[in-house]
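These are the residues of each chain, in order.
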Amino acid sequence: MENMSYEEKKQMVEDTIEKYSRYINPALARYYKFAQLDTVEWSSSGTLVYDIFGEPYLDCLGGFGVFTVGRNHPRVVKAVREQLERLPLSTRALFNKQQADLAERIASVTPGNLQYSFFCNSGTEAVEGAIKLARMYTGRKKLVSAFDGYHGKTMGSLSVSGKDAYKKPFEPCVPETFQVPFNDEKAMEKAVDENTAAVILEPVQGEGGINLAREGYLARVKKLCERSGALLILDEVQTGLGRTGKMFACEHSGVVPDIMTLAKGLGGGVLPLGAFVSTAQIWEVFDENPYIHSSTLGGNPLACVAGLATLSIIEEEGLCEHSAEKGRYLLEKLEKIQNAFPQLITAVRGLGLMIGTEFPDSDVASLLGMEMAQRKVLVAYTMDNRKVIRFEPPLTVSYQELDTILERFTDALGSVQSIVEEIGGEEIG
Ligand code: PLP
């Protein structure tokens, strides 16, 4: 590709966009073009993604939180390459060392008595498995979750998610799934009863707009679960593995879930990998039939070595500490920027390197996203709250890169402000 002329590269971009329109998703193709993201990604390293023209983009979206250890981390790539030559996929008939090693490793880093892991390929599969396990263990059906929660888009995970727009076209949802307002203990108390199999929550709602659990909330929910014999599932698909400044976001509250779900960053930004993790006691339900829940490709050796390398990198490079420190730095700077643009930014909130800036409406947020794309910084709104632009860079991001991102953000806000003033600022909000 390096030998391609500029014209040839341009043609390749046009062809790729055309193929998206014809064979993948025409609306998505229109959206990318509208958002000024009309180029083709080509290579990546650390916080940077290069397009086909060699133009570097600072990645502040991090693949919705996938690139925890940065892109193409050499240790993950090396581990995967070596495994690729030897045994990429499992026989599913013989014992697999890579999966066993990863399960042991996860047991050693997860809090409390979480011990057993089931491996899959994505966050939504991890959630499906977690809710099936809860129903099987408790013999109950009811599942309680939160409005604005996001757990995936397959039928089970969608049913416990909290945004009607994604659910309505597919109704009926899985029966006996109920949502209550996040951080509302009274509503949760009313909802959780002797028929409840599980409560599923994110410690920080990601796609709902970076909403933090209020102090004491998760502990209270855990108590309610214990009182009624329900299980607490914490979905750490986005918050896990250092994203919020601790290995798992539940550690901020000291609450140990009965089941935890993981994905996104677990595959080191190189391979898809998800898991649900639980205790020896709960796992006993798999004794009778070990195939009651299974996945052909989940937990394949390639993904598992990526997971093992990722956990080592997080620990050895101190990425939880990086996330906490750099997250504080970024949050403080963003708060200062908010003070300079009080009409445009209505809130800044977050934990570690999972930070959201809220705008008066989704149009302003989209405009900002476009202005950032023009300045070669990738950001995006949170899926269920389009007023919020997220900052989720790799945890390996440098202070220098953060400063560049902040400079470009300030500059982009200046442009957005001018546009808003031009079209009549009084309409905003
Ligand atoms: N759970 C949470 C908290 C998520 O943020 C996501 C994705 O954003 C999912 C589950 C679904 O993960 P996936 O897209 O890998 O299916």
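Just so you know, these numbers come straight off a predicted model, no measurement behind them.

Quick notes on unusual backbone geometry
Excluding glycine, residues mostly have negative phi values, and the peptide bonds linking residues are mostly trans. Put simply, Glu171 and Pro172 share a cis peptide bond, and its omega is 5°. With phi around 60°, Glu176 is a residue other than glycine that occupies positive phi space. In this structure, Glu176 sits in the loop between helix H8 (164-167) and strand S6 (177-180). According to the relative accessible area criterion, Glu176 is partly exposed, its value standing at 40%. A positive phi angle, close to 40°, is found at Lys264, a residue other than glycine. Its place among the elements puts Lys264 in the loop between strand S11 (259-262) and strand S12 (274-278).

Here's the deal with the nonpolar core
Counting residues in each nonpolar core, the largest one holds 82 residues, and the members touching the most others are Met188, Leu201, Phe391 and Phe409. Among the elements that line this core, the one with the most residues is helix H12 (residues 301-316), at 10 residues. Excluding anything up to four places from it in sequence, Met188 contacts Val144, Val180, Val199, Leu201, Tyr217, Val221 and Leu224. Membership of the second largest hydrophobic core comes to 20 residues, among which are Ala130, Ile131, Ile259 and Trp283.

Notes on the pairing of S12
Each regular strand displays side chains that alternate between the two surfaces of the sheet. Most of S12 is tucked away: five of the five residues are buried. Both faces of S12 are covered, namely the face carrying Gly274, Phe276 and Ser278 and the face carrying Ala275 and Val277. One ladder, built from five bridges, connects strand S4 (residues 116-120) with S12; its direction is antiparallel. Across the sheet, residue Ser117 finds its bridge partner in S12, namely Val277. Two elements, S11 and S12, share four bridges in a ladder whose sense is antiparallel.

Notes on the side chain of Thr357
Within the element layout of this structure, Thr357 appears in strand S14 (residues 354-358). What Thr357 contacts, discounting residues up to four positions off in sequence, is Leu334, Ile345, Ala347, Val348, Lys387, Val388, Ile389, Phe391 and Phe409.

A closer look at the site of the ligand
Inspection of the region around the ligand gives Ser122, Gly123, Thr124, Tyr150, His151, Gly152, Glu202, Glu207, Asp235, Val237, Gln238 and Lys264 as its neighbouring residues. Between a nitrogen atom of the ligand and a side-chain N or O atom of Asp235, the distance comes to 2.7 Å. Burial of the ligand by the protein amounts to 83% of the accessible area it has alone, namely 390 Å². Along the lines of polarity and charge, the residues of the shell around the ligand split into two nonpolar, six polar and four charged.

A few points about the packing of aromatic side chains
Counting across every chain of the model gives 11 aromatic pairs. Consider the rings of Tyr6 and Phe53, whose centres lie 5.3 Å apart with planes at 45°: the pair is tilted. Residue Tyr6 is found in helix H1 (residues 6-24), and its partner Phe53 is found in the loop between strand S2 (48-51) and strand S3 (56-59); the two are separated by 47 residues along the sequence. According to the relative accessible area criterion, Tyr6 is exposed, its value standing at 53%. Grouping aromatic residues by their ring pairs yields a cluster made of Tyr116, Phe118, Phe276, Trp283 and Phe286.

Overview of the pattern of salt bridges
The final tally for this structure, using the stated rule, is 19 salt bridges. Of the charged contacts, one joins Glu171 and Lys168 as a salt bridge, the two residues approaching to 3.4 Å between their closest N and O atoms. By relative accessible area, Glu171 is classed as partly exposed at 43%. Several salt bridges share partner residues, and in doing so they unite Glu185, Glu189, Arg220 and Arg227 into one network.

Thresholds applied
Residues numbered from 1 in each chain as written. Predicted model: local features only at pLDDT ≥ 70, side-chain atom pairs only at ≥ 80, totals over all residues. Heavy atoms only, no water. Helix = DSSP H or I, 4+ residues; strand = E, 2+ residues; numbered from the N terminus. Buried < 20%, exposed > 50% of the residue type's maximum accessible area, 1.4 Å probe, protein only. Core = buried A, V, L, I, M, F, W, Y, C linked by side-chain atoms within 4.5 Å. Contact = heavy atoms within 4.5 Å. Pairing = 2+ DSSP bridges. Near = heavy atom within 4 Å. Polar contact = N/O pair within 3.5 Å; in protein donor to acceptor, adjacent residues only side chain to side chain. Areas by Shrake-Rupley, 256 points an atom, 1.4 Å probe, with all protein chains shown as cover. Nonpolar A, V, L, I, M, F, W, Y, C, P; charged D, E, K, R; others polar. Phe/Tyr/Trp six-rings, centres within 6.5 Å; stacked < 30°, edge-to-face > 60°. Salt bridge = Lys/Arg side-chain N within 4 Å of Asp/Glu carboxyl O.

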